[in-house]
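Structural overview for review
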Amino acid sequence: FRFIGGVADETGKEVVEKLAQLKDAGINIDYSEKLLSDAEFEEKMNRVDMLILPAPNTIMVEGFEEEYNRTKISGTVGHQIRRGLPVLQPDWCPADEHFAKSTIHYANGDDLKEKIEFLIESPSELRALKEFALDAANDYIPEKIAEHISETLLAHFFLNEKPE
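First, a word on scope: everything that follows refers to the structure included in this document. (Residues numbered from 1 in each chain as written. Predicted model: local features only at pLDDT ≥ 70, side-chain atom pairs only at ≥ 80, totals over all residues. Heavy atoms only, no water.)

**As for the environment of methionine 50**
With respect to the secondary-structure elements, methionine 50 resides in the loop between helix H2 (38-45) and strand S3 (51-52). Overall, the relative accessible area of 13% leaves methionine 50 in the buried class. For the pair formed by methionine 50 and alanine 133, sequence separation is 83 residues and the distance between their alpha carbons is 9.8 Å. The residues touching methionine 50, leaving out its near neighbours within four places in the chain, are Leu85, Pro86, Val87, Leu88, Ile104, Leu119, Leu126 and Leu129. (Helix = DSSP H or I, 4+ residues; strand = E, 2+ residues; numbered from the N terminus. Buried < 20%, exposed > 50% of the residue type's maximum accessible area, 1.4 Å probe, protein only. Contact = heavy atoms within 4.5 Å.)

Encoded structure:
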């Protein structure tokens, strides 16, 4: 497991501690206390099988309390779209509707550890999650986005057109 964005808060540290318990199963944990360069980030992301969002519901940013999915967003959905990866994320964080079949929610560090152990013991389940994520990512290719915008604009135009 690689934590690429840095693990600086208590929630992230709890997740790393629980995952460190998986070392007995041959799982390696690699994380950084600092943000990586763009090149390091890309190199590591190219070897990722699954994303984990170890974020708390709220976080202090430059003295202001930010709330995920309200005043702050995670880059996780962008990585799901770009790379077609499944994600493990906290219960409080709703899944993107397109990625619902490739998202697993966890309640706390212990629950996350159990879900990861299940995926380790059930590689076919991880493969299925990866397939769902790739299928969902294909909904975001430029051609499909353009088609959706065209359909939306046409529907809006025709629904709002006044009869002669």
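Having seen the model, we can carry on.
**Some details on the packing of H2 against helix H3 (residues 76-83)**
Their axes nearest at 13 Å, the elements H2 and H3 cross at an angle of 60°. By the angle class used here, H2 and H3 are oblique. Remark: the crossing between H2 and H3 carries right-handed chirality. Residues Phe41, Glu42 and Met45 of H2 lie in contact with H3, whose contacting residues are His79, Arg82 and Arg83. Residue composition of the contact of H2 with H3, by class: 2 nonpolar, 1 polar and 3 charged. (Axes fitted to C-alpha atoms, helices over the stretch in contact; angles between N-to-C directions. Parallel < 35°, antiparallel > 145°, perpendicular 65-115°, else oblique. Left-handed = near helix turned anticlockwise from the far one by under 90°. Nonpolar A, V, L, I, M, F, W, Y, C, P; charged D, E, K, R; others polar.)

**Overview of the sheet that holds S3**
To summarise the sheet geometry, strands pair through backbone hydrogen bonds and adopt either a parallel or an antiparallel arrangement. Within the open sheet, the 3 strands sit side by side as S3-S6-S7. Their pairing is parallel. Edge positions in the open sheet fall to S3 and strand S7 (103-106), since each of these has one partner strand only. Seen against the sheet, helix H4 (residues 109-121) touches S3, strand S6 (87-90) and S7 and runs at an angle of roughly 145° to S7. (Pairing = 2+ DSSP bridges.)

**Looking at the pattern of salt bridges**
Counted according to the given criterion, the structure contains 6 salt bridges. We note a salt bridge from glutamate 42 to arginine 82, for which the minimum N-O separation is 3.0 Å. With glutamate 42 in helix H2 and arginine 82 in helix H3, this pair connects stretches of sequence that are 40 residues apart. For glutamate 42, a relative accessible area of 25% translates into the label partly exposed. For arginine 82, a relative accessible area of 57% puts it in the exposed group. The salt bridge partner of lysine 113 is glutamate 117, with a shortest N-O separation of 3.1 Å. (Salt bridge = Lys/Arg side-chain N within 4 Å of Asp/Glu carboxyl O.)

**Quick notes on the packing of aromatic side chains**
Working definition: an aromatic ring pair is given by the centre-to-centre distance plus the angle between the planes. As enumerated under the stated definition, the model contains 1 aromatic pair in all. Ring geometry for phenylalanine 99 versus tyrosine 140: centroids 6.1 Å apart, planes at 15°, classification stacked. Here the residue phenylalanine 99 occupies a position in the loop between S6 and S7, and tyrosine 140 occupies one in the loop between helix H5 (123-137) and helix H6 (142-160), the gap between them amounting to 41 residues. (Phe/Tyr/Trp six-rings, centres within 6.5 Å; stacked < 30°, edge-to-face > 60°.)

**Observations regarding the nonpolar core**
A general tendency of soluble globular proteins is for nonpolar side chains to be buried together. Val15, Leu19, Leu22, Met50, Ile52, Leu88, Ile104, Tyr106, Leu112, Ile116, Leu119 and Leu129 form the largest nonpolar core, which has 12 residues in total. Of all the secondary-structure elements, those providing two or more residues to this core are helix H1 (10-20), S7 and H4. The element that contributes the greatest number of residues to this core is H4, accounting for 3 residues. Residues contacting leucine 112, with those up to four places away along its chain left out, are Val15, Ile52, Leu88 and Tyr106. Counting residues in each nonpolar core, the second largest holds 5 residues, with Met45, Val48, Leu51 and Leu85 among its members. (Core = buried A, V, L, I, M, F, W, Y, C linked by side-chain atoms within 4.5 Å.)

**As for a nonpolar patch on the surface**
Where nonpolar side chains cluster on the molecular surface, the patch consists of Ile145, Ile149 and Leu153 and spans about 270 Å² of accessible area. In this structure leucine 153 comes out as exposed when scored by relative accessible area, which is 55%. (Patch = residues over 30% accessible without salt bridge, like charges linked within 9 Å, V, L, I, M, F, W, Y side chains within 5 Å. Areas by Shrake-Rupley, 256 points an atom, 1.4 Å probe, with all protein chains shown as cover.)

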